[in-house]
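So you can see what is in the structure, the chains are spelled out below.
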Amino acid sequence: QKEVEQDPGPLSVPEGAIVSLNCTYSNSAFQYFMWYRQYSRKGPELLMYTYSSGNKEDGRFTAQVDKSSKYISLFIRDSQPSDSATYLCAMRGGSYIPTFGRGTSLIVHP
Amino acid sequence: EPEVTQTPSHQVTQMGQEVILRCVPISNHLYFYWYRQILGQKVEFLVSFYNNEISEKSEIFDDQFSVERPDGSNFTLKIRSTKLEDSAMYFCASSEWHTDTEAFFGQGTRLTVV
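Residues numbered from 1 in each chain as written. Chains lettered and ligands numbered in written order. Predicted model: local features only at pLDDT ≥ 70, side-chain atom pairs only at ≥ 80, totals over all residues. Heavy atoms only, no water.

Comments concerning the state of the cysteines
Residue and element names in this part refer to chain A. How we decide: Cysteine sulfur atoms that pair up within 2.5 Å are treated as a disulfide. A helix here means a DSSP run of H or I that spans at least four residues, while a strand means a run of E at least two residues long, and both kinds are numbered starting from the N terminus. Relative accessibility thresholds used throughout: buried, under 20% of the residue-type maximum; exposed, over 50%; partly exposed, between the two (1.4 Å probe, protein chains only).
According to the stated counting rule, one finds 2 disulfides over all chains in the structure shown. Disulfide partner of C23: C89, at an S-S distance of 2.0 Å. On the sign convention where negative means left-handed, the S-S torsion of about -105 degrees between C23 and C89 marks this disulfide as left-handed. Placement of C23 in strand β3 (residues 19-25) and of C89 in strand β9 (residues 85-92) is noted, with a sequence separation of 66 residues between them. Since its relative accessible area comes to 1%, C23 is described here as buried. On the basis of relative accessible area, C89 is assigned to the buried category, the value being 0%.

Following this line, the structure appears as structure tokens:
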């Protein structure tokens, strides 16, 4: 079983839709959970950072962590064409060595 | 806006050759990182570096790899004898503090080993 599983997509949605991106993981030691956005030919950019379980909201973005189910989600409200990118989940335990998912390609069409 | 700069953007090298990838971190940052992403696969952590020492390294970062901060501005990743499987996008990142919440990534160097 892979440590972090993420559906590569592509996920295609119309502008204005609510987008749900998800990752599952197997390592119960993971405590820190990150979501990155990566545009084509660019480096990853941190979007959201959550410690342990719960929700965190930042503008149109909401990150959720359910440690009991080993499941994390990123919701994007009112999606825009500029949100079209690859979204990477990443997580780690006490060390600063993150494990990434493969990324989900999101396409928001006008 | 300050940014992490990586050079070259694309490097082609022959198998067995040494290659040095260069990064200029953000000027007041103290922690530096290298990641790689093989085409179509996930981003993988290689190494973190602080105060002229390696802080953490992954299993990928074996004796073929080394990092150096040769002067006050550059941070380099050296691969001693490249293999075909070293072909990947290599990302440098830097942060002011030892935290992933503040790390900024460069645009990457695509390394192709032929």
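Points about the confidence of the model for chain B
This is how it is decided: One confidence number per residue, pLDDT, is output by the predictor and ranges from 0 to 100.
Averaged over every residue, the pLDDT of chain B is 93; residues scoring 70 or more account for 98%. For chain B, the element scoring lowest by mean pLDDT is strand β10 (residues 104-105) of chain B, at 92; strand β11 (residues 109-113) of chain B scores highest, at 98.

A few points about the pattern of salt bridges
Should their charged atoms come close, side chains of opposite charge can pair. All names here are of chain A. Our working rule: Criterion for a salt bridge: a side-chain nitrogen of Lys or Arg within 4 Å of a carboxyl oxygen of Asp or Glu.
Applying the stated criterion across every chain, the model contains 4 salt bridges over all chains. Between D83 and R60 there is a salt bridge whose closest N-O contact spans 2.9 Å. Highlighted residues: D83 in the loop between β8 (71-76) and β9 and R60 in the loop between β6 (54-58) and β7 (61-66), separated in sequence by 23 residues.

Digging into the sheet that holds strand β8 (residues 75-79) of chain B
Residue and element names in this part refer to chain B. Applied cut-off: Two strands pair under a simple rule: DSSP has to find at least two bridges between them. Lines fitted to C-alpha atoms define the axes here, with helix axes fitted over just the stretch in contact, and angles between the N-to-C directions of these axes take values from 0 to 180 degrees.
The strand order across the open sheet formed by 4 strands is β1-β3-β8-β7, and the pairing between neighbours is antiparallel. Here the strands that pair on one side only, and so sit at the sheet edges, are β1 (5-7) and β7 (65-68). Neighbour-to-neighbour, the strand axes of the sheet open up by a mean angle of 20 degrees, direction not taken into account. Direction of pairing for β7 relative to β8: antiparallel, over a ladder of 4 bridges. Pairing of E68 across the sheet is with T76, part of β8.

Concerning the interface of chain A and chain B
Counted only if it meets this: In what follows, residue pairs with any heavy atoms lying within 4.5 Å of each other are defined as contacts. Take the accessible area each of two parts loses on contact, using a 1.4 Å probe, and add the two losses: that sum is the buried area. Definition of a polar contact: a pair of N or O atoms within 3.5 Å, with one able to donate and the other able to accept a hydrogen when the atoms are protein atoms, and with sequence-neighbouring residues admitted only if both atoms are side-chain atoms. Amino acids are sorted into nonpolar (Ala, Val, Leu, Ile, Met, Phe, Trp, Tyr, Cys and Pro), charged (Asp, Glu, Lys and Arg) and polar (every other residue, Gly among them).
Counting residues at the interface gives 18 residues for chain A and 17 residues for chain B. For the pairing of chain A and chain B, the buried interface totals around 1,600 Å² over both sides, and the portion due to carbon and sulfur atoms is 61%. The largest share of the area that chain A buries against chain B comes from Y96, I97 and F100 of chain A, three residues that together contribute 36% of it. Between chain A and chain B we count 0 salt bridges in total. Remark: the boundary between chain A and chain B carries 3 residue pairs in polar contact (both at pLDDT 80 or more). Per element, the largest residue contribution to the side of chain A that touches chain B is 3 residues, and it comes from strand β4 (residues 32-38) of chain A. For the side of chain A that touches chain B, a count of residues per class yields 10 nonpolar, 4 polar and 4 charged.

Things to note about the sheet that holds β8 of chain A
Strand pairing in a sheet takes place through backbone hydrogen bonds and is either antiparallel or parallel in direction. Pairing within the open sheet is antiparallel, and its 5 strands lie in the order β1-β3-β8-β7-β6 (chain A). Every other strand in the sheet has two partners, leaving β1 (4-5) and β6 of chain A as the edge strands with one partner each.

Let's talk about the side chain of R37 of chain A
All names here are of chain A. Take R37: it is sitting in strand β4. With relative accessibility at 13%, the residue R37 sits in the buried group. Polar contacts involving the side chain of R37 include one to the side chain of Y39, which spans 3.5 Å.

Describing unusual backbone geometry
For the bond running from G9 of chain A to P10 of chain A, omega is 10 degrees, close enough to zero to count as cis. For P10 of chain A, the location among the structural elements is in the loop between β1 and β2 (11-14). Backbone torsion omega between T7 of chain B and P8 of chain B reads -10 degrees, so that peptide bond is classified as cis. Position of P8 of chain B relative to the elements: it lies in the loop between β1 and β2 (10-13). Here S52 of chain A, not a glycine, exhibits a phi torsion of approximately 60 degrees, which is positive. Non-glycine residue N51 of chain B carries a positive phi angle of around 55 degrees.

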